[in-house]
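# Observations on chain architecture
Spelled out, the chains give:
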Amino acid sequence: MPPLTRDQILWAAIRIADEQGPDAVTLRRISSELGVHVTSLYNHVPTRDAITDGMLEVLLTEAKLPTRPVSWEEWARRFFAAISDIATTHSGAFYVLQQRPVQGARATASFEIAIAAFVQAGLSTPDAYAAVKTVVLLATSVGREQSHSARGEDRETRLDDLPADAFPLVRSVAVTARPEDSWAFAIETVIAGLRTRIEQ
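Before going into details, it helps to say that this report is about the structure given with it. These numbers come from a predicted model, not from an experiment.

What counts and how
Residues numbered from 1 in each chain as written. Predicted model: local features only at pLDDT ≥ 70, side-chain atom pairs only at ≥ 80, totals over all residues. Heavy atoms only, no water. Axes fitted to C-alpha atoms, helices over the stretch in contact; angles between N-to-C directions. Helix = DSSP H or I, 4+ residues; strand = E, 2+ residues; numbered from the N terminus. Parallel < 35°, antiparallel > 145°, perpendicular 65-115°, else oblique. Contact = heavy atoms within 4.5 Å. Nonpolar A, V, L, I, M, F, W, Y, C, P; charged D, E, K, R; others polar. Expected span 1.5 Å × (residues − 1). Core = buried A, V, L, I, M, F, W, Y, C linked by side-chain atoms within 4.5 Å. Buried < 20%, exposed > 50% of the residue type's maximum accessible area, 1.4 Å probe, protein only. Salt bridge = Lys/Arg side-chain N within 4 Å of Asp/Glu carboxyl O.

Our focus in this paragraph is the packing of helix α6 (residues 125-150) against helix α8 (residues 179-199). Running from N to C, α6 and α8 cross one another at 175 degrees; their axes reach a closest spacing of 11 Å. The orientation of α6 with respect to α8, classified from their angle, is roughly antiparallel. Contacts between α6 and α8 involve D127, A131, T134, V135, L138, V142, E145 and Q146 from the first element and P179, W183, A186, I187, V190, L194 and R197 from the second. A class-by-class count of the residues in the contact of α6 with α8 yields ten nonpolar, two polar and three charged.

Glancing now at α6. For α6, with 26 residues, the first-to-last C-alpha span of 36 Å sits near the 38 Å given by 1.5 Å per residue. Looking at the residues trailing α6, positive phi occurs at G152, about 75 degrees.

A few words on the nonpolar core. Generally speaking, a soluble globular protein has its nonpolar side chains buried in company with each other. Counting residues in each nonpolar core, the largest one holds 60 residues, and the members touching the most others are V25, I30, M55, W75, F79 and F118. Counting only elements with at least two residues in this core, the list comes to α1 (6-20), α2 (27-34), α3 (48-62), α4 (72-89), α5 (105-120), α6 and α8. In terms of residues, this core owes the most to one element, α4, which gives nine residues. With residues up to four places along the chain from it excluded, the contact list for I30 reads I9, A12, A13, I16, V25, L41 and I51.

What follows is about the pattern of salt bridges. Enumeration according to the criterion identifies 14 salt bridges in this entry. R6 is the partner of E57 in a salt bridge, and the nearest nitrogen-oxygen pair spans 2.9 Å. Linking E57 in helix α3 with R6 in helix α1, this pair joins segments that are 51 residues apart in sequence. Using a relative accessible area of 30% as the deciding quantity, one classes R6 as partly exposed. Within the structure, one salt-bridge network assembled from shared partners comprises R6, D7, E57 and R106.

In structure tokens:
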């Protein structure tokens, strides 16, 4: 049998999360998936946190985030789109994006590019970091909703509990609004706000 690699372990964890949900991701379950003894994993991923960090690293690498200089606006749009892709293609594993901050050079590279882009546009380094954080928070929040949708989970307000005469607008919007339109509105609004901030 070929030597076990860290990437094999992490992809097994991602598959388990996608198929069975995040709670199913354990060292014992991963070892069973790979047909090895659980102690074989320890040299590569000694803890549950190491698995989470590694899964996040693999997902962000697969998403092909910008790792070469780009404008801040291009970075924001590409990051938002990449997180959306992760949410829909790896809806079970998406939870790792909300568990821990990124770790390691491979997962962090795009954020260095992003901060540099905002600094190049005129923001101070602290404000550039805040701008990146704003985009990340939006993307992961929207991504969480997208991952629920991809799994077919009903996260809608129960309209039957709301009297029509007291909630006419909520009821009408719930019938006509498309979540995709709200997600697009969100990123465009953030970009417009950041553009105004930079111009100031």
